[in-house]
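# Summary of the model geometry
Now for the letters of each chain:
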Amino acid sequence: MKNTSNLLTYFNKPDKAAYIFLLPSLFVFTIFVFVPLLASLLISMFDINIFLENISFIGVENFKRLFYDERFWNALKNTLYFTVFEVPLQVIFSLLLAAYVQKNTVFRKLLRSCFFIPVVCSMTAVGIVWSILLDPALGPVPYIFRLLGLDIGFLKDPLLAMPTVILITVWKNFGLSMTILVAGIQGIPDTYYESAKIDGASTWNQFINITIPLIVPTLGFCTITNIISSLQVFDQAYVMTKGGPVFKTETLVQYIYTRGFSVAPYDLGYASAIAEVLFLIIAVVVILIYHIFVKKETVGV
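Remember, predicted model here, so these are calculated numbers, not experimental data.

Here we come to the confidence of the model for the protein chain. Of all residues in the protein chain, 93% attain a pLDDT of 70 or more, and the chain-wide mean is 89. No element of the protein chain has a lower mean pLDDT than helix α1 (residues 2-11), which averages 58, and none a higher one than helix α4 (residues 70-101), which averages 95.

The next thing to look at is the packing of α4 against helix α8 (residues 161-186). Across the interface, α4 lies against α8 with an axial gap of 7 Å and an inter-helix angle of 40°. Put simply, α4 runs oblique to α8. At the point where α4 passes α8, the crossing takes the right-handed sense. Grouping the amino acids of the contact of α4 with α8 by side-chain chemistry returns 22 nonpolar, six polar and one charged.

Within soluble globular proteins, side chains that are nonpolar tend to cluster in buried spots. Of all hydrophobic cores here, the largest spans 41 residues; its most connected members are Leu-219 and Ile-274. Elements that contribute at least two residues to this core include exactly α4, α8, α9 (190-198), α10 (203-214), α11 (216-231), α13 (252-262) and α14 (268-299). Sequence-distant contacts of Ile-274, defined by excluding residues within four places in its chain, comprise Leu-66, Phe-72, Leu-252, Tyr-255 and Ile-256. Ranked by size, the runner-up nonpolar core spans 12 residues in total, among them Phe-82, Met-162, Ile-168 and Met-240.

This brings us to the pattern of salt bridges. One pass over the structure, following the stated rule, counts four salt bridges. Arg-65 is the partner of Asp-267 in a salt bridge, and the nearest nitrogen-oxygen pair spans 2.9 Å. Taken together, the residues span a long stretch of sequence, with Asp-267 in the loop between α13 and α14 and Arg-65 in helix α3 (residues 61-66) at a distance of 202 residues. One salt bridge in this structure joins Arg-259 and Asp-69, with 3.8 Å as the shortest N-O distance. Remark: Asp-69 occurs in the loop between α3 and α4 and Arg-259 occurs in helix α13; sequence separation between them is 190 residues. A relative accessible area of 12% places Asp-69 in the buried class.

Criteria and thresholds
Residues numbered from 1 in each chain as written. Predicted model: local features only at pLDDT ≥ 70, side-chain atom pairs only at ≥ 80, totals over all residues. Heavy atoms only, no water. pLDDT = per-residue confidence, 0-100. Helix = DSSP H or I, 4+ residues; strand = E, 2+ residues; numbered from the N terminus. Axes fitted to C-alpha atoms, helices over the stretch in contact; angles between N-to-C directions. Parallel < 35°, antiparallel > 145°, perpendicular 65-115°, else oblique. Left-handed = near helix turned anticlockwise from the far one by under 90°. Nonpolar A, V, L, I, M, F, W, Y, C, P; charged D, E, K, R; others polar. Core = buried A, V, L, I, M, F, W, Y, C linked by side-chain atoms within 4.5 Å. Buried < 20%, exposed > 50% of the residue type's maximum accessible area, 1.4 Å probe, protein only. Contact = heavy atoms within 4.5 Å. Salt bridge = Lys/Arg side-chain N within 4 Å of Asp/Glu carboxyl O.

Structure below.
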């Protein structure tokens, strides 16, 4: 009885009680994130296929292969290209829209709902729909451009395929970032804006000098989550282009899938090595971005 009382006293403190509520999530996170991550690292040191035949330990040979694999470097370049353009576009576009729709009028609430609709749709479904809309033979969008004298193959042109995938991704996902930023902006006390108006500050100056500095933590969250998802981009590129044309939209995750599960000899060890490299890239980038936003939050924008 005494032990039970001591246990209840220990967990009665807020910082200790938090672990009880975190435990289910930590359990799921461990089973579906940490364990697969360690398993992937272990598999990357073996010559192994998905049928688990002729398994042999090869150490870091799979990682050495990466240096000479031109397709890996192309996939890495495409992934970074996607991330460098998609994340700023989405965050900036979401921020501007959030600043406009954050007021709780009926019209702007309706706009927020409309902008959020694509978020709840499956990326696969969105990719299929846009593939049909942009199809050179059947799609209405290329047809309209042909009427204007422009023959544009949005998903068939090597120069336009990745920008098209980026813009569709921004359209699909910006509603989530916008909603988070709206919550951040609405959390700013009105007294800041009232004081700025008395001092004669314009709406733009209020946005730059009040809104943005006070939602730096929210901006950091949106930026980091978008970077993580962008570096893991797969669905839209695979559905709309299959990595083409001429591998211009093949990403690292798609290459992992191709080497491990799609094309013989189903080299699971090599695919796992690529996955570990991708994990390391995501970890380094996220840590750097996190420290940048923490510094901005501490010393001001």
